[in-house]
Amino acid sequence: MTTTDTTDSASNSLLRPHAEQAFADELRALAAADDRPRPPSWRLSPWGVVTYLLGGTLSDGTVVSPKYVGPRRLMEVAVATLATDRALLLLGVPGTAKTWVSEHLSAAVCGESTLLVQGTSGTAEEAIRYGWNYARLLAEGPSEGALVPSPVMTAMRLGSIARVEELTRIPSDVQDALITVLSEKTLPVPELGIEVQATKGFNVIATANDRDRGVNELSSALRRRFNTVVLPLPADEDEEVAIVTRRVEQLGAALELPAVPAAAEEVRRVVRVFRELRSGITADGRTKLKSPSGTLSTAEAISVITNGLALSAHFGDGVLRAADMAGAVLGAVVKDPVADGVVWTEYLEAVVREREDWADFYRACREVHA
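Let me sum up the structure you'll find in this document. As the structure is a prediction and not an experimental result, all values here were calculated from the model.

A word on the nonpolar core
Ranked by internal contacts, the top residues of the largest apolar core, which has 39 residues, are Phe274, Trp344 and Tyr347. Ranked by the residues each element gives to this core, the list is headed by helix α15 (residues 322–333), at 8 residues. Beyond its immediate sequence surroundings of up to four residues, Trp344 is in contact with Val273, Leu277, Val329, Leu330, Val333, Val334, Cys365 and His369. By size, the runner-up hydrophobic cluster in this structure holds 34 residues, among which are Leu91, Leu178, Leu182 and Val204.

Put into structure tokens, the structure is as follows:
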């Protein structure tokens, strides 16, 4: 067995492989076919990275699956940013694939998506700069051996991409630890009297949820170091249905769910419910609606359908039906039992009940929302 076979076998046993593991074959094929200029340390050219993200067919017949469905120009701007000295900030409402795009960009550019800082209210400065192995620090004093590099420092040394998730969740004083890194491309270690300078290829991709504005706003100094790309919600129903269908198929295969016949009708129904409640108006534009407190994102629609498939496969008759979907839809819509419960009840009675071909969905939803 070759090393590649061993790696592929190990990847297949993982619940959630990293992008560079799950799509290793596509990345290898792209690298072999890509004869365009590549920035220093990049595995692919900017054209190759965009092709990996949006999909296409290579000259040797290899089909590259789309990882992102949306405007090509947005991905071109994002990739071009990474080829400059400016960092990239992916901004959008929850469920617009910010983390997904960040991971796949890193995998395509440098073959490594795991140099990750997960932003939370408790994220400390050490997560961005460096920390210490305190046992060695006490035994030896400050030394390079006692230094524990952050993902950002490691990326600087390797000439790779560092990812910072949920940047606006990180306290403002910790966020500002990035300023010197992004402006001077250096990370001082005053305890040792040294500095780590970034090698060519280093950059940062950060993500932020625009619903978190006001939580920990970026300082103007830090914001200037980023080029911001806003990822929109899917433009229309067909586009969102295509995204949900593709990801549900991938998740079903990864989770090894028993095969369930294609259920395009149920997928489209869930997507329409989410889009109508999100926008506050029905698809035909005739009825205004109240919107619930949740985001009802594309990612949540994917989760709802996947849950329905599991119910159908393990506890149903193997056919995805409205009854399999109702409970998960209710859980996605009603986050606040009081306010969202009213919104959902009004939607059921004013919209769902009036659609003759949705009678089964109406009955199933009323049963779980009784």
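Here's the deal with the environment of Ala29
Mapped onto the fold, Ala29 is located in helix α3 (residues 24–33). A relative accessible area of 13% places Ala29 in the buried class. The sequence separation of Ala29 and Ala322 amounts to 293 residues, and the corresponding C-alpha distance is 41 Å.

Some words on the sheet that holds strand β4 (residues 116–118)
With parallel pairing, 5 strands are arranged side by side in an open sheet as β4-β7-β10-β3-β11. One side of each edge strand has no neighbouring strand; the edge strands of this open sheet are β4 and β11 (226–230). Averaged over all adjacent pairs, the angle separating strand axes in this sheet is 20°, with direction ignored. Sheet topology places β4 next to strand β7 (residues 161–165); 3 bridges connect them, and they run parallel. Looking at β7, one finds that Leu116 is bridged to Arg163. Strands in contact with helix α5 (residues 72–82) are β3 (87–92), β7, β10 (203–209) and β11; relative to β11, the strand with the most contacts, it is inclined by about 165°. Packing of helix α6 (residues 98–110) onto the sheet brings it into contact with β3, β7 and β10, and relative to β7 it is tilted by some 170°.

Brief notes about the side chain of Glu266
Examined against the element boundaries, Glu266 turns out to sit in helix α13 (residues 264–279). For Glu266, a relative accessible area of 6% gives the class buried. Apart from the residues within four sequence positions on either side, Glu266 is in contact with Ile305, Leu320, Arg321, Ala322, Met325 and Asp360.

Topic: the packing of helix α16 (residues 339–350) against helix α17 (residues 359–368)
To describe two helices that pack against each other, one gives the angle between their axes and the distance between the axes. At a minimum axis distance of 11 Å, the contact between α16 and α17 shows a crossing angle of 150°. Classed by the angle they form, the pair α16 and α17 counts as roughly antiparallel. As α16 runs across α17, the sense of the crossing is left-handed. Between α16 and α17, the residues in contact are Trp344, Thr345, Leu348 and Glu349 and Tyr362, Cys365 and Arg366, respectively. When its residues are assigned to classes, the contact of α16 with α17 shows 4 nonpolar, 1 polar and 2 charged.

About the thresholds
- Residues numbered from 1 in each chain as written.
- Predicted model: local features only at pLDDT ≥ 70, side-chain atom pairs only at ≥ 80, totals over all residues.
- Heavy atoms only, no water.
- Core = buried A, V, L, I, M, F, W, Y, C linked by side-chain atoms within 4.5 Å.
- Buried < 20%, exposed > 50% of the residue type's maximum accessible area, 1.4 Å probe, protein only.
- Helix = DSSP H or I, 4+ residues; strand = E, 2+ residues; numbered from the N terminus.
- Contact = heavy atoms within 4.5 Å.
- Pairing = 2+ DSSP bridges.
- Axes fitted to C-alpha atoms, helices over the stretch in contact; angles between N-to-C directions.
- Parallel < 35°, antiparallel > 145°, perpendicular 65-115°, else oblique.
- Left-handed = near helix turned anticlockwise from the far one by under 90°.
- Nonpolar A, V, L, I, M, F, W, Y, C, P; charged D, E, K, R; others polar.

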